[in-house]
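Chains, contacts and geometry: an overview
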Amino acid sequence: MDCMYFKIDPMYQKDEFRRKAWISFAKEDAPLDVFNSELSDVTQEQYRIISSTANYDTKWEGEIGYDRRESYLDVETYYEKIPYTDYERKYNYSTKQYEQVPVTKYRKEERQRQVTKYRTVTDWFSRHGNHSGTASCFEYVDTMDTFDFLRLLKDFDADFCKAMSTADLEKDSSMRLSDSIMDMASDHLKEKIDSNLRKSLPGDRSTDISYDITEYTVTHTSMIRVPEYHTTLTYNGQTYEKRGFAIGKMRISEANIPNPESVEEGKKKLEQKRDLEIKERERKASQTIDKKTLPFALISWGLLLASIAVSAFLRFLVPVVILFAAAVGMTIFARIQETVVRQKIKKITDTQNQKTRTACSDACRDYEKNKRAELLNALNKKLTSLGLKPATEAELLDN
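Residues numbered from 1 in each chain as written. Predicted model: local features only at pLDDT ≥ 70, side-chain atom pairs only at ≥ 80, totals over all residues. Heavy atoms only, no water.

**Notes on a negative patch on the surface**
Taken together, the side chains of Asp179, Asp183, Asp187 and Glu191 present a region of like negative charge at the surface. Here Glu191 lies in helix 4 (residues 179–200). For Glu191, a relative accessible area of 51% translates into the label exposed. (Patch = residues over 30% accessible without salt bridge, like charges linked within 9 Å, V, L, I, M, F, W, Y side chains within 5 Å. Areas by Shrake-Rupley, 256 points an atom, 1.4 Å probe, with all protein chains shown as cover. Salt bridge = Lys/Arg side-chain N within 4 Å of Asp/Glu carboxyl O. Lys, Arg positive; Asp, Glu negative; His and termini not counted. Charge placed at Lys NZ, Arg CZ, Asp CG, Glu CD. Helix = DSSP H or I, 4+ residues; strand = E, 2+ residues; numbered from the N terminus. Buried < 20%, exposed > 50% of the residue type's maximum accessible area, 1.4 Å probe, protein only.)

**Describing the packing of aromatic side chains**
This structure, assessed with the given rule, holds four aromatic pairs. For the ring pair Trp22 and Phe25, a centre distance of 5.7 Å and an interplane angle of 50° mean the geometry is tilted. Linking Trp22 with Phe25, this pair stays in helix 1 (residues 14–27), spanning three residues, or about one helical turn. Here Trp22 and Phe25 have matching classes, each one buried. Following the ring pairs from residue to residue traces out a cluster consisting of Trp22, Phe25 and Phe35. Residue placement shows Lys81 over the ring face of Tyr106; its charged tip is 5.2 Å from the ring centre. Taking NZ or CZ as reference, Arg89 lies 3.9 Å from the ring centre of Tyr98, over its face. (Phe/Tyr/Trp six-rings, centres within 6.5 Å; stacked < 30°, edge-to-face > 60°. Lys NZ or Arg CZ within 6 Å of the ring centre and 35° of its normal.)

**Details of unusual backbone geometry**
A positive phi is found at Asn236, a non-glycine position, where the angle reads about 50°. Mapped onto the fold, Asn236 is located in the loop between strand 5 (205–235) and strand 6 (238–245). Asn236 sits in the exposed class, given a relative accessible area of 66%. Unlike most non-glycine residues, Asn256 shows phi in positive territory, near 55°. Within the secondary structure layout, Asn256 lies in the loop between strand 6 and helix 5 (263–313).

**Notes on the nonpolar core**
In this structure, Trp22, Phe25, Val34, Phe35, Leu233, Ile257 and Leu379 are the most contacted members of the largest nonpolar core, which totals 22 residues. Counting only elements with at least two residues in this core, the list comes to helix 1, strand 5 and helix 6 (317–385). Leaving out residues up to four positions away in the same chain, Val34 has contacts with Trp22, Phe25, Leu233, Tyr235 and Ile257. (Core = buried A, V, L, I, M, F, W, Y, C linked by side-chain atoms within 4.5 Å. Contact = heavy atoms within 4.5 Å.)

**Digging into the pattern of salt bridges**
Taken as a whole, this structure holds 28 salt bridges when the rule is applied. Between Arg18 and Asp15 there is a salt bridge, and its shortest N-O distance comes to 2.4 Å. Here the residue Arg18 and the residue Asp15 both occupy positions in helix 1, the gap between them amounting to three residues, near one helical turn. Arg281 is the salt-bridge partner of Glu277, the closest N and O atoms lying 3.1 Å from each other.

**With respect to the environment of Ile345**
Mapped onto the elements of the fold, Ile345 is located in helix 6. Judged by relative accessible area, which is 12%, Ile345 ranks as buried. Distance from Ile345 to Thr288, taken between C-alpha atoms, is 8.3 Å for residues 57 residues apart in sequence. Contacts of Ile345, omitting those with residues within four sequence positions, involve Ala285, Thr288, Ile289 and Lys292.

**Things to note about the confidence of the model for the protein chain**
Looking at the protein chain, the pLDDT average stands at 83 and 80% of residues meet or exceed 70. Mean pLDDT across the elements of the protein chain ranges from a minimum in strand 4 (residues 168–176), with 46, to a maximum in helix 1, with 94. Below a pLDDT of 50 lies the segment residues 165–174, which in the model reaches 16 contacts outside its immediate sequence neighbourhood of four places, other chains included. (pLDDT = per-residue confidence, 0-100.)

**Describing the environment of Gly203**
By the secondary structure assignment, Gly203 is in the loop between helix 4 and strand 5. Of the residues examined, Gly203 reaches a relative accessible area of 39% and is grouped as partly exposed. For the pair formed by Gly203 and Ile64, sequence separation is 139 residues and the distance between their alpha carbons is 5.9 Å. In this view, Gly203 contacts Ile64, Gly65 and Tyr66; residues no more than four positions away in its chain are not counted.

Next up, the structure:
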């Protein structure tokens, strides 16, 4: 089949690519001494892309499902608080006696009730129909990394369309596509037809769909040659590539040179230091609580042991009861003191921890700002030495 042959000239000069390649290293947070290295000579390669469009008619049949909301009754379990009267022994200061006082308490009892719930059900019907449309495919012919192809697709914007409108256009019988390329294009077109048809089906869902393509006419096939720039950089014995299609926004491929002093690594160290500081503060707070409440605990244990000793050697009930009551009272007092101390120290510790977190956030922000400034400074020294336009801070943040 004859095809239209588009040869797109680069929209950027090699120096513009070289500049964007250096900027991309800075955007990737490469080590600062990378900018002491040199890029290899920029080379230009051509990639062939096939674009094909076809009109089609189809007849289909299958099961079409329509969703609807249906109510139904169900039984659910819940718990109800049931009041009841109980008696507690309390001391009456007026009569100076213990009395049984009625109090209202509650218990949970399991209950069941009928409720209305809703579910989505699907009604299925056998249906058939026709679908017509236009399918288009866009595939690379030459060997290309998938990420490079996705990067190229992002460049197919208004700038690329402008490039297409001014590109060299030839129509030559010698520019015939091979059967294998046409088969590939045809396979992708039919995949697109399948996708378009399923999206056009009525209802909410479908199954067992079969169809026949009754009409299939390829209306347009183009071979597009897209220019791509390529360069390399050697750093610490490793070679890193930079590529960029010289169209659209000329997005540059990533090199991702390892950087132990990167912004993320620096922030991670600051956050680790923050976490260790908070952990140490929590440990010291726990020790302080134990230290402040220990005397009360020792006294309560001492009184308890004394009551046991007295009961073992003396037969008098009154001293034993007094010592035991004192031990119980001291235990309760110790618990109260522990709660008060714990709340007080926790409040102080939480305030200090929040200050530490805020200080860490400020330090991370300042660290990132300073590192970005260092990167921009190193980058612009390199660009200036090459006679290229210095980069702006906005260019480092641009995605």
